[in-house]
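# Summary of the model geometry
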Amino acid sequence: MLTIHEAGKAQQSTPDDIVLKTASADGRAILTLNRKHFVQPHAKQPSHAGIASAHLILISKGKRNEFMTRYNRLLNSPVN
């Protein structure tokens, strides 16, 4: 897992299509709170590792670590 902050890309207004291309090149899926922002980039580049969206309420300040732990577990779980 690599956050946008860890990648050094936070607060840079990186276009969503570039975010998707970069994640795809690294074999990474995207977790976003802005699902609507990735509709068009997905349509242009349907071959990627995935785009997951969450509602902001699910990851309020007290729950971020728990959410990321569960999300990471999901990403690393075997596919049936």
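See above for the structure.
Below or above, wherever it landed, is the structure these notes cover. Here the structure is a predicted model, which is why all the values come from computation and not from measurement.

## Digging into the layout of surface pockets
- Roughly 1400 Å³ of volume is contained in the largest pocket.
- Only α1 (16-25), β1 (30-32) and α3 (64-75) provide two or more residues apiece to the lining of the largest pocket.
- The element contributing the most residues to the lining of the largest pocket is α3, with six residues.
- In the lining of the largest pocket, the residues fall into 20 nonpolar, 13 polar and six charged.

## Looking at the environment of Phe-38
- Take Phe-38: it is sitting in the loop between β1 and α2 (39-44).
- Taking C-alpha positions, Phe-38 is 10.0 Å from Pro-15, a pair spaced 23 residues apart along the chain.
- Beyond its immediate sequence surroundings of up to four residues, Phe-38 is in contact with Asp-16, Val-19, Ile-30, Thr-32 and Ile-51.

About the thresholds
- Residues numbered from 1 in each chain as written.
- Predicted model: local features only at pLDDT ≥ 70, side-chain atom pairs only at ≥ 80, totals over all residues.
- Heavy atoms only, no water.
- 1 Å grid on protein atoms, 1.4 Å probe; cavity = no way out; pocket = protein on both sides within 12 Å on 5 of 7 lines; lining within 4 Å.
- Points joined across faces, edges and corners; volume = space filled by probe spheres on them.
- Helix = DSSP H or I, 4+ residues; strand = E, 2+ residues; numbered from the N terminus.
- Nonpolar A, V, L, I, M, F, W, Y, C, P; charged D, E, K, R; others polar.
- Contact = heavy atoms within 4.5 Å.

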